[in-house]
Amino acid sequence: EAGVVQSPRYKIIEKKQPVAFWCNPISGHNTLYWYRQNLGQGPELLIRYENEEAVDDSQLPKDRFSAERLKGVDSTLKIQPAELGDSAVYLCASSYQRSGRATYEQYFGPGTRLTVT
Amino acid sequence: RKEVEQDPGPFNVPEGATVAFNCTYSNSASQSFFWYRQDCRKEPKLLMSVYSSGNEDGRFTAQLNRASQYISLLIRDSKLSDSATYLCVVNAGGTSYGKLTFGQGTILTVHP
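Residues numbered from 1 in each chain as written. Chains lettered and ligands numbered in written order. Predicted model: local features only at pLDDT ≥ 70, side-chain atom pairs only at ≥ 80, totals over all residues. Heavy atoms only, no water.

1. Quick look at the sheet that holds strand β1 (residues 5–7) of chain A
Residues and elements named next belong to chain A. On the basis of which strands lie adjacent, the open sheet formed by 4 strands has the order β1-β3-β8-β7 and antiparallel pairing. In this open sheet, the two edge strands, each paired with only one partner strand, are β1 and β7 (65–68). Pairs of neighbouring strands in the sheet enclose a mean axial angle of 15 degrees, with direction left out of account. Where β7 lies against strand β8 (residues 75–79), 4 bridges are found, and the strand directions are antiparallel. Residue pairing for β8: S66 is matched across the bridge by K78. (Pairing = 2+ DSSP bridges. Helix = DSSP H or I, 4+ residues; strand = E, 2+ residues; numbered from the N terminus. Axes fitted to C-alpha atoms, helices over the stretch in contact; angles between N-to-C directions.)

2. Let's talk about the nonpolar core
By size, the foremost hydrophobic cluster in this structure holds 23 residues, and its most contacted members are F21, W35, I71, L73, I75, Y86 and L108 of chain B. Among the secondary structure elements, those contributing two or more residues to this core are β3 (19–25), β4 (32–38), β5 (44–50), β7 (60–65), β8 (70–75), β9 (84–93) and β11 (106–111) of chain B. Counting 21 residues, the second largest nonpolar core, distinct from the first, contains I26, I79, Y90 and L114 of chain A. (Core = buried A, V, L, I, M, F, W, Y, C linked by side-chain atoms within 4.5 Å. Buried < 20%, exposed > 50% of the residue type's maximum accessible area, 1.4 Å probe, protein only.)

3. Considerations on empty space enclosed by the protein
All names here are of chain B. Scanning all chains against the criterion turns up 1 cavity of 30 Å³ or more. The computed volume of the largest cavity comes to approximately 50 Å³. What lines the largest cavity is simply E3, V4, N27, S30, V90, N91, A92 and T101. By residue number, the principal contributor to the lining of the largest cavity is β9, which donates 3 residues. (1 Å grid on protein atoms, 1.4 Å probe; cavity = no way out; pocket = protein on both sides within 12 Å on 5 of 7 lines; lining within 4 Å. Points joined across faces, edges and corners; volume = space filled by probe spheres on them.)

4. A closer look at the sheet that holds β3 of chain B
Residues and elements named next belong to chain B. Here 5 strands make up an open sheet; going across it, the order is β1-β3-β8-β7-β6 and the pairing antiparallel. The open sheet is flanked by β1 (4–6) and β6 (55–57), the only strands paired with a single partner. Going across the sheet, the axis of each strand differs from the next one's by a mean of 20 degrees, ignoring polarity. Sheet topology note: the β3/β8 ladder contains 6 bridges and is antiparallel. Following the sheet pairing, C23 is matched in β8 by I71.

5. Points about the interface of chain B and chain A
Listed as interface residues are 20 residues of chain B and, on the opposing side, 28 residues of chain A. Regarding the contact of chain B and chain A, the summed buried area is about 1,800 Å², with carbon and sulfur atoms giving 51% of it. Taken together, chain B and chain A are joined by 0 salt bridges. Our count for the contact surface shared by chain B and chain A stands at 2 residue pairs in polar contact (both at pLDDT 80 or more). Taken together, the elements giving at least two residues each to the side of chain B that touches chain A come down to β4, β5, β9 and β10 (96–102) of chain B. When residues of the side of chain B that touches chain A are assigned to their parent elements, the largest contribution, 5 residues, is made by β10 of chain B. Per-class residue counts for the side of chain B that touches chain A are 8 nonpolar, 8 polar and 4 charged. (Contact = heavy atoms within 4.5 Å. Buried area = accessible area lost by both parts, 1.4 Å probe. Salt bridge = Lys/Arg side-chain N within 4 Å of Asp/Glu carboxyl O. Polar contact = N/O pair within 3.5 Å; in protein donor to acceptor, adjacent residues only side chain to side chain. Nonpolar A, V, L, I, M, F, W, Y, C, P; charged D, E, K, R; others polar.)

6. Notes on the layout of surface pockets
A volume near 700 Å³ is recorded for the largest pocket. What lines the largest pocket is a set of 28 residues, among which Q37, L39, G40 and R113 of chain A together with R41 of chain B lie closest to the centre. At the level of elements, β9 (88–95) and β11 (112–116) of chain A together with β9 of chain B are the ones that each hand at least two residues to the lining of the largest pocket. Estimates place the volume of the second largest pocket at around 340 Å³.

7. Remarks on the side chain of N30 of chain A
Residue and element names in this part refer to chain A. Mapped onto the secondary structure, N30 falls in the loop between β3 (19–24) and β4 (31–37). Of the polar contacts made by the side chain of N30, one reaches the side chain of T31; its length is 3.1 Å. Once residues lying within four places of it in the same chain are set aside, the contact partners of N30 are Y49, E50, N51, R69, S95, Y96 and Q97.

Take it as geometry only, folks, not as evidence of what the structure does.
In structure tokens, the structure reads:
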């Protein structure tokens, strides 16, 4: 079974430039997550989708970050414009979630390592 | 106070040693608990869920103390391949049933 796919794996951009990350979840998983992981820290949730609906985006910096999950499958996370502090690993994860039930295992993609110079 | 707190370590132990990690969480309504493992420059992967009665998987034992709001992971007979970062993870439940909150991770290095 194919895992969560992310691209690109690495990205180096100058500050104020835009950047986009793409994620393809495991087939059949209805819930998709974007996390940001800074060095020496655990992943922090940015946004969670159930199918096409963003059910938790409280941690997403909406002035510069945006995300979409068209058709409830693939998702794109965008930053515009990027700042130096955005340098981090951006992880996508997916799971099969029953509404109202506690989450069990989330499967992570390999992440995109972003460096803003 | 952070929602999930761990001792970041690092823990440096010889092969064959027993090592224990602790984690505390602040939300008493939390419903489910996990340990994830993250190898260097890799993604996190589920190591084991943590149940109220405690559970064991080979050399790994997880314990949950709801009254004190802490979770532990015990690794016996450490192997070189156990070297990784161990992330304590808590699911809040309620309206946040799908949200996992990660601790900062505890770094373990097992040396020959």
